[in-house]
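In case you want the letters, here they are:
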Amino acid sequence: MLLLDLISQEWKKNYRAQGFYKNLAVNIMLGFVGLYFSAILLFMGFSLDDILEGLNYKLNPMELFNQTMLYILLAGLVFRFFMQQLHTFNLPPYQVLPVKRSYIVNFLLLKPLFSPINYFLLLVVVPFAVQSVAHYYSGWVAFRFVLDFVFVVWFNSQMATYLKRKFGSGLLPLLVILAVALILAGLEYSGLFSLLGISLPLFNFIVLKPYGPAFTLFAAVGAFLLNKWFFLENYYPEKFDSKIESSQSAVGGFSFLNRFGVVGEIISMEIKLIVRHKRTKSILFMSGIFLFYGLMFYGNKSIYSHSEGMLFFAAIFITGILMLMFGQWVVSWDSAHFDCLMTRNIPVRSYLKANYLLMIASNVVCFVLTAPYFFFGIKIVYLHLAAFIFNSGVNVFLLLFFASFNSRRVDLSKSAAMNYQGTTYKSFLIVLPIMFLPMLLVGGLTALFSFGVALWCVSILGVGGILFREQLLDLCVGQFNRRKYIMAKGFRERE
């Protein structure tokens, strides 16, 4: 069968690739991380019944779950729209063979449905169905409940793929989605319109009626056919190329930066690189989500009162998330044209200084965006100020210094979600001194003296880094020069 041949060829392509064995240690580490999160989700699945039982005495746990199902569906669709990596296929070799285009399109569209990541939430849904739904209703209802959730996952996967290919994942779709989310939240809060009121009878009907899951199955099939129609209309690569070119031409220039000389031109180039490529735009979106990370800590009174080290960890993370996400790849972003950069009259110091200023600017942006956390108290104001100074005086130079150890080529045309291309064990080692040493330092100084003394100490370290930035930049330049030929060799290798 042709389908089996295509699956076999994709399997061989993945495991015969040189990069698979080079990143074997990273894959093993990610496997352990996956097992860890699987255990957490499984625990949540067995605890969900007790949690929902205590929330509402009028509705049983399955009814409460069904009441929020439309919001779960929409949240999953938005998450996939921005985070799900579009599956690709090397089309030209098959276009010259007697293979029907419908077979290739079907394979490309059905391929993501076999990814285990799509079904991670079943570790929550299946235990909940067995423990709670079967208890209140029957085993058949529990089976339909799980089956309906699987069909919703299929619908989300296919619809997100279509929307992403049709509209892209730029700034305009993000603003539209945020506006729709705010409108829905406002209508729900005011009581003028409620998705909760629609979701409960709709999904109760789907789950309780024997033929109910057919509705979600039809929705999934409809999303698949919509995708298929789009692909059949845009089967030839030049159609996609024209879309990419038009989207890139829409990106505005940053010519005003050219007045700052070589450094300004490099900053302009880096900003264009960020806003024009999938992987960097995905990281921008993820950084925006991680700005809410502080709610886990500042809203938790036990952590807020007794774990100053963890508080400082959270503050460093959310006030420097853009710097952290981009900084560890600061050289790898340019891997596709690294040889070109090295053969131009661009001083290494100017190149690193441009990236230094870009990361400082990102720290300022994050600090301003996280200002609403100041409503948690004056302690958070001092905490964020200390974290901002430490990030700008210490962590930024650590990132510039250690970034030269990343010598794997990075393909910016691919999304960052579930994409570990270019990642090695060194990527994890870079994070350790930047994130955990300050946490241990603040925790130790707080235990010996006080939290105020700890914040003063890390602030002084940050101020020292800012004052001696030229000398620290010289150290980073020397490290870059020692590693540049190793990086150039690594960037030439395609995984």
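As shown above, the structure is provided for reference.
Q: Is there a simple way to think about the environment of Ser282 in this case?
A: Considering the arrangement of structural elements, one finds Ser282 in helix α15 (residues 278–290). According to the relative accessible area criterion, Ser282 is buried, its value standing at 5%. With 200 residues separating them in the primary sequence, Ser282 and Phe82 have C-alpha atoms 6.5 Å apart.

Q: I tried to follow the packing of helix α21 (residues 348–369) against helix α25 (residues 469–492) on my own but got confused; where do I start?
A: Between two packed helices, both the angle of their axes relative to each other and the distance between the axes serve to describe the pair. Their axes nearest at 10 Å, the elements α21 and α25 cross at an angle of 120 degrees. When the interaxial angle is binned, α21 and α25 end up oblique. Helix-helix and strand crossings are classified by hand; for α21 and α25 the assignment is right-handed. Across the interface between the two elements, Val348, Arg349, Tyr351, Leu352, Lys353 and Tyr356 of α21 pack against Arg469, Glu470, Leu473, Asp474, Cys476, Val477, Phe480 and Asn481 of α25. Class assignment for the residues of the contact of α21 with α25 results in 8 nonpolar, 1 polar and 5 charged.

Q: Is there a simple way to think about a nonpolar patch on the surface in this case?
A: Taken together, the side chains of Met29, Val33, Tyr36, Phe37, Ile40, Phe43 and Met44 present a nonpolar region at the surface, about 680 Å² in accessible area. The topology assignment puts Met44 in helix α3 (residues 24–53). For Met44, a relative accessible area of 43% puts it in the partly exposed group.

Q: Quick question: what am I supposed to make of the side chain of Thr161 here?
A: Position of Thr161 among the secondary structure elements: in helix α9 (residues 139–167). Polar contacts involving the side chain of Thr161 include one to the main-chain carbonyl oxygen of Ser157, which spans 2.7 Å.

Q: Teacher, can you tell me more about the environment of Leu322 here?
A: Within the secondary structure, Leu322 sits in helix α19 (residues 321–327). Note on Leu322: relative accessible area 15%, which makes it buried. Sequence separation of Leu322 and Val365 is 43 residues, and the distance between their C-alpha atoms is 8.8 Å. With near-sequence residues (within four places) excluded, Leu322 lies in contact with Leu284, Ser287, Gly327, Ser362 and Cys366.

Q: I would appreciate a short explanation of the packing of aromatic side chains in the present structure.
A: In this description, an aromatic ring pair is defined by two values, namely the gap between the centres and the angle between the planes. As enumerated under the stated definition, the model contains 19 aromatic pairs in all. Note on Phe128 and Phe145: the rings are 5.8 Å apart at their centroids and 55 degrees apart in plane angle, and the pair reads as tilted. Of this pair, Phe128 sits in helix α8 (residues 122–136) while Phe145 sits in helix α9, placing them 17 residues apart in sequence. Phe145 sits in the buried class, given a relative accessible area of 3%.

The rules behind the values
Residues numbered from 1 in each chain as written. Predicted model: local features only at pLDDT ≥ 70, side-chain atom pairs only at ≥ 80, totals over all residues. Heavy atoms only, no water. Helix = DSSP H or I, 4+ residues; strand = E, 2+ residues; numbered from the N terminus. Buried < 20%, exposed > 50% of the residue type's maximum accessible area, 1.4 Å probe, protein only. Axes fitted to C-alpha atoms, helices over the stretch in contact; angles between N-to-C directions. Parallel < 35°, antiparallel > 145°, perpendicular 65-115°, else oblique. Left-handed = near helix turned anticlockwise from the far one by under 90°. Contact = heavy atoms within 4.5 Å. Nonpolar A, V, L, I, M, F, W, Y, C, P; charged D, E, K, R; others polar. Patch = residues over 30% accessible without salt bridge, like charges linked within 9 Å, V, L, I, M, F, W, Y side chains within 5 Å. Areas by Shrake-Rupley, 256 points an atom, 1.4 Å probe, with all protein chains shown as cover. Salt bridge = Lys/Arg side-chain N within 4 Å of Asp/Glu carboxyl O. Polar contact = N/O pair within 3.5 Å; in protein donor to acceptor, adjacent residues only side chain to side chain. Phe/Tyr/Trp six-rings, centres within 6.5 Å; stacked < 30°, edge-to-face > 60°.

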